Amino acid sequence: MDADLKSIAAARECAEKAFEAYRAFLGTDPEKINAMVDAMARAIEPEAKRLGELAVEETGYGNVPDKRVKNLFNALSVADYLRDVTTLGLLWSDEQTKIAAIGEPMGVVAALIPVTNPTSTIIFKVISAVKAGNAIVCAPHPRGIKSGLATVKVLADVAEQMGAPKGLIQCLEDVTIQGTAELMKHRRTSIVMATGGPAMVKAAYSSGKPTLAVGAGNVPCYVHSSMRNEIAEVAEQIVTSKCFDYGTACVSEQAIVADRSIARELRHELKLKGGYFCTSQESDRLAKVIFKGKQMMDPENVGQSPEALASKAGFSIPPQTRCLISEETEIGWQRPLSAEKLNPVLAFYEAKDENEGIRMSHEIAKFEGWGHSAVIHCNDPEVVAKYSAVPTGRVIVNTPAILGGMGYSTDLEPSFMLGTGTWSGSITSDNVTALHLINIKRVAYGNRRWRDIYEEYGERT
């Protein structure tokens, strides 16, 4: 059978099977679902490294230690947060207004899985969907099928042992663009969760189904002069965050903007933490490795180590280098390294003062990163307040971007799907959780005399 036809047939079968499982799952005691979610999270713990190894081996992106951490975060931290979150049944009631809110599942979730995070994203979306009482069918990237199937198997096996109907958690085995499109628009699909590149997100919004999708993130990181005495810690946070899993997360820092008064010290500390400042010629060659053209990253060079990138660009770097840094003065496609880079590569800008630093940060966010996230390292609340006008859904203060944005080192909701709002065409700017996967029904009692409307607004006709 033609590969597209085979994928379309598989998508239809999975959607129908998921719908039957969803109907069988309806009415399941929320406490039983909570136990199921906890069991799935615990089942990932001993498998986290193996699944990370499968992901790196299959995709060629990132590194195993950080993939393992991502898997554990999306299992343990997400499940721990959801334990005290009510998604089904009575959510709240107000005696004064005589209104109650009741959570009900949406149905079948079509979950698009990116090649950059093929296992951790599945863990997050499956746990969130099941917590909300839904069925879920994962559609991995063609380069992430094996690791995706392995991850789904761990989760589905445990859920079924805990009483979930077979088919509640599935993964497409035969994946093509046409098959994924069929899953998204299928009559049994209730909602699409899309994480991936611009083309995939556009296809999701074109499916005709309600869609939760995220956009690109060109995250500016402004370092204010008030951090002079903490500059070593700031440098460590930036380098650690940008290098995490070789930069495959959209929420990691993309460009540093430093006040001129502390720029020299920051450069020095970045070097001590493993940052290598490229020459202008090396930066130009590096840009040609990372980008195939305007607005087009080379997929073969995403999520690569600094050594691999430098080697492909034809220059050598010192041992123990953790990230590559390019000194920049312009923002735009005439300087490609000012755009989002899914690699351990940072742009570095020097600002004469805080006004210029904030302005440059705004420009960076608007260039290829509308709505995602921005970071500031600053001890002056008034400056933080001014910086917060940046057009992003999250402003992360004095913590690594990736750990703060995904809700580990901040009290944002733990999530691996960060909405980018209407700035970039997304329906939400929230950290997406299981609460985005329920319908909320209002039960509203009459609370005032209905006939009064005629006394208030005019005679009854």
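Keep in mind the model is a prediction, meaning the values are calculated, not measured.

What counts and what doesn't
Residues numbered from 1 in each chain as written. Predicted model: local features only at pLDDT ≥ 70, side-chain atom pairs only at ≥ 80, totals over all residues. Heavy atoms only, no water. Helix = DSSP H or I, 4+ residues; strand = E, 2+ residues; numbered from the N terminus. Rg over C-alpha atoms; globule rule 2.2 N^0.38 Å. Buried < 20%, exposed > 50% of the residue type's maximum accessible area, 1.4 Å probe, protein only. Contact = heavy atoms within 4.5 Å. Areas by Shrake-Rupley, 256 points an atom, 1.4 Å probe, with all protein chains shown as cover. Lys, Arg positive; Asp, Glu negative; His and termini not counted. Charge placed at Lys NZ, Arg CZ, Asp CG, Glu CD. Pairing = 2+ DSSP bridges. Polar contact = N/O pair within 3.5 Å; in protein donor to acceptor, adjacent residues only side chain to side chain. Expected span 1.5 Å × (residues − 1). Axes fitted to C-alpha atoms, helices over the stretch in contact; angles between N-to-C directions. Salt bridge = Lys/Arg side-chain N within 4 Å of Asp/Glu carboxyl O.

Novice: What am I meant to see in the overall build of the protein chain here?
Specialist: When helices and strands are tallied, the protein chain shows 16 helices and 17 strands. Scaling as 2.2 N^0.38, a compact globule of 461 residues should have a C-alpha radius of gyration of about 23 Å, and the protein chain matches this with 24 Å. Projected onto the principal axes, the alpha-carbon positions of the protein chain cover approximately 70 × 65 × 40 Å. Out of the 461 residues belonging to the protein chain, those deemed buried represent 57%. Contacts in the protein chain between residues far apart in sequence, at least 24 positions, make up 73% of those at least 6 positions apart. Carbon and sulfur atoms form 51% of the exposed surface of the protein chain, whose accessible area is close to 19,900 Å². Counting 50 positive and 56 negative side-chain charges, the protein chain places the centres of these two groups 4 Å from one another.

Novice: When you look at the pairing of strand E2 (residues 99-105) in this model, what are you seeing that I'm missing?
Specialist: A regular strand places its side chains on the two faces of the sheet in alternate fashion. When strand E1 (residues 89-94) meets E2, the two strands line up antiparallel, connected through five bridges. Within E2, the position partnered with Leu90 by the bridge is Ile102. Counted along the chain from E1 to the antiparallel partner E2, the turn is four residues long, and its residue Lys98 has a positive phi close to 60°. Summarising the sheet, E2 and strand E17 (residues 438-444) pair through seven bridges and their orientation is antiparallel. In the sheet register, Glu104 faces E17, and the bridge partner there is Asn439.

Novice: What is the right way to look at the environment of Ser128 in this model?
Specialist: Relative to the helices and strands, Ser128 resides in helix H5 (residues 120-131). For Ser128, a relative accessible area of 1% corresponds to the buried category. Setting aside its immediate chain neighbours within four residues, Ser128 contacts Val78, Leu82, Ala434 and Leu437. A polar contact of 2.8 Å, which involves the side chain of Ser128, links it to the backbone oxygen of Phe124.

Novice: Please clarify how unusual backbone geometry should be interpreted in this entry.
Specialist: When glycine is set aside, most residues are seen to have a negative phi, and most peptide bonds are trans. For Tyr246, which is not glycine, the phi torsion reads 55° and is therefore positive. Relative to the assigned elements, Tyr246 resides in the loop between helix H9 (231-243) and strand E9 (253-259). Although it is not a glycine, Asn398 sits at a positive phi angle of roughly 55°. Examined against the element boundaries, Asn398 turns out to sit in the loop between strand E16 (392-397) and helix H15 (401-405).

Novice: Looking at this structure, how should I read helix H10 (residues 260-272)?
Specialist: One turn of an α-helix holds 3.6 residues; hence residues three or four places apart share an orientation. For H10, spanning 13 residues, the distance from its first C-alpha to its last is 19 Å, which sits close to the expected 18 Å at 1.5 Å a residue. Next to the buried residues of H10 lie strand E8 (219-223), H9, E9, strand E10 (275-277), strand E13 (323-327) and strand E14 (345-351). The first or second residue beyond H10 is Gly274, which carries a positive phi of 110°.

Novice: Quick question: what am I supposed to make of the side chain of Lys209 here?
Specialist: Of note, Lys209 is situated in the loop between helix H8 (198-205) and strand E7 (211-213). A polar atom in the side chain of Lys209 sits 2.6 Å from the backbone oxygen of Thr189. Not counting residues up to four positions away in its chain, the partners in contact with Lys209 are Met184, Lys185, His186, Arg187, Thr189 and Val192.

Novice: Sorry, what's going on with the sheet that holds E16 here?
Specialist: Across a sheet, strands are paired by hydrogen bonds formed along the backbone, either parallel or antiparallel in direction. Across the sheet, which stays open at both edges, the seven strands sit in the order E10-E13-E14-E9-E8-E15-E16 with parallel pairing between neighbours. Every interior strand has two partners, whereas the edge strands, E10 and E16, have only one. Between one strand axis and the next, the sheet turns through 25° on average, direction left out of account. Looking at chain direction, E9 and E14 are connected through five bridges and run parallel. By the bridge assignment for E14, Ile256 is matched with Phe348. Set on the sheet, H10 makes contact with E8, E9, E10, E13 and E14; between it and E9 the angle comes to about 135°.

Novice: What's the story with the pattern of salt bridges in this structure? I'm lost.
Specialist: A side chain with one charge can pair with a side chain of the opposite charge if their charged atoms come near. With the rule as written, the count across this model stands at 25 salt bridges. In this structure, Arg187 engages Glu16 in a salt bridge whose closest nitrogen and oxygen atoms are separated by 3.1 Å. Of this pair, Arg187 sits in the loop between helix H7 (177-185) and strand E6 (189-194) while Glu16 is found in helix H1 (residues 3-25), placing the two residues 171 residues apart along the sequence. Its relative accessible area of 25% is what places Glu16 among the partly exposed residues.

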